[in-house]
Amino acid sequence: MQIDPIYWKVWWQAIAEEYNAKDLLYSVGPDQQECKKWLVDYLPTRDMDGWDNPKIHLYGGWYGYPLIDMLLQKYNRIHSIINIDMDQKAIDLCRRYTHAKELNKKVDYKCQSVIDPIDMSEDVRIVINTSSEHMPDLPEIIKNKNYKDKCIFMLQSNNMEYVEDHINCVSSEQEFIDKSGLSDILYSGTHQMNNGYERYMVIGRR
Amino acid sequence: MNIVTVKLGDKFDSSFVNRLYEMCKRNITQDFKFFCYTDDFKEIDPYIHIIEHEDMLLKPVFYKLYLFYLFQTGMYLDLDVVIQNNIDHLPFYTKKGCVSLIRSQKGYNSSVMTWDSTDHLWEKFMGDPEKYMTIHKGIDTYLEVNAQVCHFSQFDIYSRLYGIYGCDDKPIYIPETGRHKEYYYPNMPICIFNSYNKTIDVKKGHMLDDKSYKGFEHYWS
């Protein structure tokens, strides 16, 4: 058995500061890994080869890791990833991971609601949201942001309505497509989770 | 826009040409002319323009390069592809002097091509066809070495056998069925059927055959 020493170090400190140990474990659990891997498998790496300095916005990315690791492992030419999450403690942990991994030049983080305007001075080519069930539909989130038409949105949601924080679940892949407001759907799929519920993914452009 | 396909020999019958034309009509909104370069035009839809095959003693696969000479700009489609959604945008990937291709798991794939002013590729090939036909098994590697290549998006064209290139990227053999997993992405514009009706490899199992088109019939019928 092997645990990444950086994860171990970050968790050790976090637990000492009364972060919820179960949450930390859940963030790297099999379900989380599987869903993140599903997204990373469909990262448009071939298309990204033709882009200058690909930049990514990560909505509601929570601690940011392990997804950020997985993204960079799949495609190390990613220029920057910004994790935007309103949970200050989650962003603090993201910052610690980032420092420990010496990824400060690539990874940034903002503690704010994704509904609020975001600094759009950079040409963001990919927006990732693996927690759509926690927030309003994409059209509502991006109405005050000027992403270009070519920007690719990679979204995941699920039908786990019983979870208290899940304010915007969907019950099917088609419903998720419809609610995404994306007109150019590049990919969509359904993933059966181990707990019997379904996770949905939609990739597309406006 | 010029859309071209090639039918040489008896691997495909005229129904493949006619159904490809039908799929183009459904999925291209701008004006286009549909051409078929062939040695046998019987039963081909009368609205398809026929270019009669001229025997230049080449291996059949290399006649695709001749299209660069015949048409300054164009879109080529293999007879076995299925067009699922609109493909109006595919020519826009192509810059002058370039050929647009699919980046497959191991290089380029020419099942779908668009080009603009690339007759030099034919001329170079015809400068010493024996040499190029010895070096290159097909035109994919010839183009890789000799052409200025643009790429289609990986979400424009997927393979029934390999899935989305760069995402799935591999054939998956299913021992229980004795067949390979057959990928299907309804939102994507084109599905290519590479390895269609290629020899059955005992170790790898069956690749793609007519059964692989099951469920796709509504795209042309």
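Structural data are supplied above this passage.
In this text, all values refer to a predicted model and were calculated from it rather than measured experimentally.

## Remarks on a nonpolar patch on the surface
All names here are of chain A.
Here comes step 1: On the surface, Met1, Ile3, Trp8 and Trp12 cluster together to form a nonpolar patch covering roughly 580 Å² of accessible area.
Here comes step 2: Relative to the helices and strands, methionine 1 resides in the segment before helix 1 (5-16).
Here comes step 3: Residue classification places methionine 1 among the exposed positions, given a relative accessible area of 98%.

## Some points on the interface of chain A and chain B
Accessible area lost when the parts come together is the quantity often used to give the size of an interface.
Here comes step 1: Taken together, the contact between chain A and chain B spans 13 residues of the former and 16 residues of the latter.
Here comes step 2: With both sides pooled, the region where chain A packs onto chain B buries about 1200 Å², and carbon together with sulfur makes up 43% of that total.
Here comes step 3: When the buried area of chain A at its contact with chain B is split by residue, Tyr42(A), Arg46(A) and Leu186(A) rank highest and sum to 51% of it.
Here comes step 4: Counting the contacts that link chain A with chain B gives 2 salt bridges.
Here comes step 5: Here Arg103(B) ties to Asp49(A) by a salt bridge, and the two come within 2.7 Å at their closest N and O atoms.
Here comes step 6: Applying the counting rule to chain A against chain B returns 12 residue pairs in polar contact (both at pLDDT 80 or more).
Here comes step 7: When residues of the side of chain A that touches chain B are traced back to their parent elements, those giving at least two are helix 4 (45-48) and strand 6 (184-192) of chain A.

## Overview of the packing of aromatic side chains
Here comes step 1: Within this structure, the stated rule accounts for 35 aromatic pairs over all chains.
Here comes step 2: Ring centres of Trp8(A) and Trp12(A) lie 4.9 Å apart, and the angle between their planes is 25°; this geometry places the pair in the stacked category. In this pair, Trp8(A) and Trp12(A) both sit in helix 1, 4 residues apart, roughly one turn of the helix.
Here comes step 3: With a centroid separation of 5.6 Å and 80° between ring planes, the pair formed by Phe125(B) and Tyr142(B) is classed as edge-to-face. Of the two residues, Phe125(B) is situated in helix 3 (residues 119-127) and Tyr142(B) in helix 5 (residues 139-146); the sequence distance between them amounts to 17 residues.
Here comes step 4: Note on Tyr142(B): relative accessible area 0%, which makes it buried.
Here comes step 5: Three or more aromatic residues joined by ring pairs make a cluster, and in this case those are Tyr37(B), Phe62(B), Tyr63(B), Tyr66(B), Tyr69(B), Trp122(B), Phe125(B), Tyr132(B) and Tyr142(B).
Here comes step 6: Positioned over the ring face of Tyr213(B) is Arg19(B), at 4.4 Å from the centre of the ring.

## As for the pattern of salt bridges
Residue and element names in this part refer to chain B.
Here comes step 1: This model, assessed by the stated rule, comprises 18 salt bridges over all chains.
Here comes step 2: Ionic pairing is found between aspartate 78 and lysine 64, a salt bridge with its closest N-O pair at 3.4 Å. With aspartate 78 in the loop between strand 4 (73-77) and strand 5 (82-83) and lysine 64 in the loop between strand 3 (49-52) and helix 2 (66-70), this residue pair connects regions lying 14 residues apart in the sequence.
Here comes step 3: Given a relative accessible area of 16%, aspartate 78 falls into the buried group.
Here comes step 4: On the basis of relative accessible area, lysine 64 is assigned to the buried category, the value being 12%.
Here comes step 5: Of the charged contacts, one joins glutamate 182 and arginine 179 as a salt bridge, the two residues approaching to 3.2 Å between their closest N and O atoms.
Here comes step 6: Accessibility expressed as a relative area gives 17% for arginine 179, which makes it buried.

## Some thoughts on the layout of surface pockets
Residue and element names in this part refer to chain A.
Here comes step 1: Taken as a whole, the second largest pocket holds about 970 Å³ of empty space.
Here comes step 2: If you trace the second largest pocket, you find 42 residues lining it, with Gly60, Trp62, Asp85, Ser131 and His134 closest to the centre.
Here comes step 3: Only helix 2 (21-27), helix 3 (30-41), strand 2 (80-85) and helix 6 (88-100) provide two or more residues apiece to the lining of the second largest pocket.
Here comes step 4: Take the lining of the second largest pocket: its biggest share by element is 4 residues, from helix 3.
Here comes step 5: Counted by class, the lining of the second largest pocket contains 19 nonpolar, 14 polar and 9 charged residues.

## Quick notes on empty space enclosed by the protein
The rolling of a water-molecule-sized probe over the atoms marks out the regions of remaining empty space.
Here comes step 1: Scanning the model with the defined rule gives 2 cavities of 30 Å³ or more in all.
Here comes step 2: In this structure, the largest cavity occupies an estimated 100 Å³ of space.
Here comes step 3: Lining of the largest cavity is provided by 14 residues; of these, Ser132(A), Pro136(A), Asp137(A), Leu138(A) and Phe176(A) occupy positions nearest its centre.
Here comes step 4: Of all the elements in the fold, those that place two or more residues in the lining of the largest cavity are helix 7 (138-142), strand 5 (152-158) and helix 8 (173-180) of chain A.
Here comes step 5: Top element by residues in the lining of the largest cavity is helix 8 of chain A. It accounts for 3 residues.
Here comes step 6: Its residues assigned to classes, the lining of the largest cavity shows 7 nonpolar, 5 polar and 2 charged.
Here comes step 7: Forming the walls of the second largest cavity are Arg46(A), Ile102(B), Arg103(B), His151(B), Phe152(B), Ser153(B), Gln154(B), Ile157(B) and Tyr165(B).
Here comes step 8: Class assignment for the residues of the lining of the second largest cavity results in 4 nonpolar, 3 polar and 2 charged.

## A short note on the sheet that holds strand 3 (residues 107-111) of chain A
Residue and element names in this part refer to chain A.
Here comes step 1: With respect to topology, 7 strands assemble into an open sheet ordered 3-2-1-4-5-7-6, the strand pairing being mixed. Two strands close off the open sheet at either side, each with one partner strand: strand 3 and strand 6. Neighbouring strand axes in the sheet, compared pairwise and without regard to direction, differ in orientation by 15° on average.
Here comes step 2: For strand 4 (residues 126-129) and strand 5, the ladder comprises 4 bridges, and the chain directions are parallel. In the sheet register, valine 127 faces strand 5, and the bridge partner there is phenylalanine 153.
Here comes step 3: Each of strand 1 (55-59), strand 2, strand 3 and strand 4 touches helix 5 (residues 67-74); the most contacted strand, strand 2, lies at about 160° to it.

## Considerations on the packing of helix 3 of chain A against helix 5 of chain A
All names here are of chain A.
Here comes step 1: One way to put it is that helix 3 packs onto helix 5 with a least axis distance of 10 Å and a crossing angle of 30°. Note on packing geometry: the crossing formed by helix 3 with helix 5 is right-handed. Two secondary-structure elements touch here, helix 3 through Gln33, Lys36, Lys37, Leu39, Val40 and Asp41 and helix 5 through Leu67, Met70, Leu71 and Lys74.
Here comes step 2: A breakdown of the residues in the contact of helix 3 with helix 5 according to their chemical character gives 5 nonpolar, 1 polar and 4 charged.

Cut-offs applied
- Residues numbered from 1 in each chain as written.
- Chains lettered and ligands numbered in written order.
- Predicted model: local features only at pLDDT ≥ 70, side-chain atom pairs only at ≥ 80, totals over all residues.
- Heavy atoms only, no water.
- Patch = residues over 30% accessible without salt bridge, like charges linked within 9 Å, V, L, I, M, F, W, Y side chains within 5 Å.
- Areas by Shrake-Rupley, 256 points an atom, 1.4 Å probe, with all protein chains shown as cover.
- Salt bridge = Lys/Arg side-chain N within 4 Å of Asp/Glu carboxyl O.
- Helix = DSSP H or I, 4+ residues; strand = E, 2+ residues; numbered from the N terminus.
- Buried < 20%, exposed > 50% of the residue type's maximum accessible area, 1.4 Å probe, protein only.
- Contact = heavy atoms within 4.5 Å.
- Buried area = accessible area lost by both parts, 1.4 Å probe.
- Polar contact = N/O pair within 3.5 Å; in protein donor to acceptor, adjacent residues only side chain to side chain.
- Phe/Tyr/Trp six-rings, centres within 6.5 Å; stacked < 30°, edge-to-face > 60°.
- Lys NZ or Arg CZ within 6 Å of the ring centre and 35° of its normal.
- 1 Å grid on protein atoms, 1.4 Å probe; cavity = no way out; pocket = protein on both sides within 12 Å on 5 of 7 lines; lining within 4 Å.
- Points joined across faces, edges and corners; volume = space filled by probe spheres on them.
- Nonpolar A, V, L, I, M, F, W, Y, C, P; charged D, E, K, R; others polar.
- Pairing = 2+ DSSP bridges.
- Axes fitted to C-alpha atoms, helices over the stretch in contact; angles between N-to-C directions.
- Left-handed = near helix turned anticlockwise from the far one by under 90°.

Spatial relationships are all this shows, so hold off on functional conclusions.
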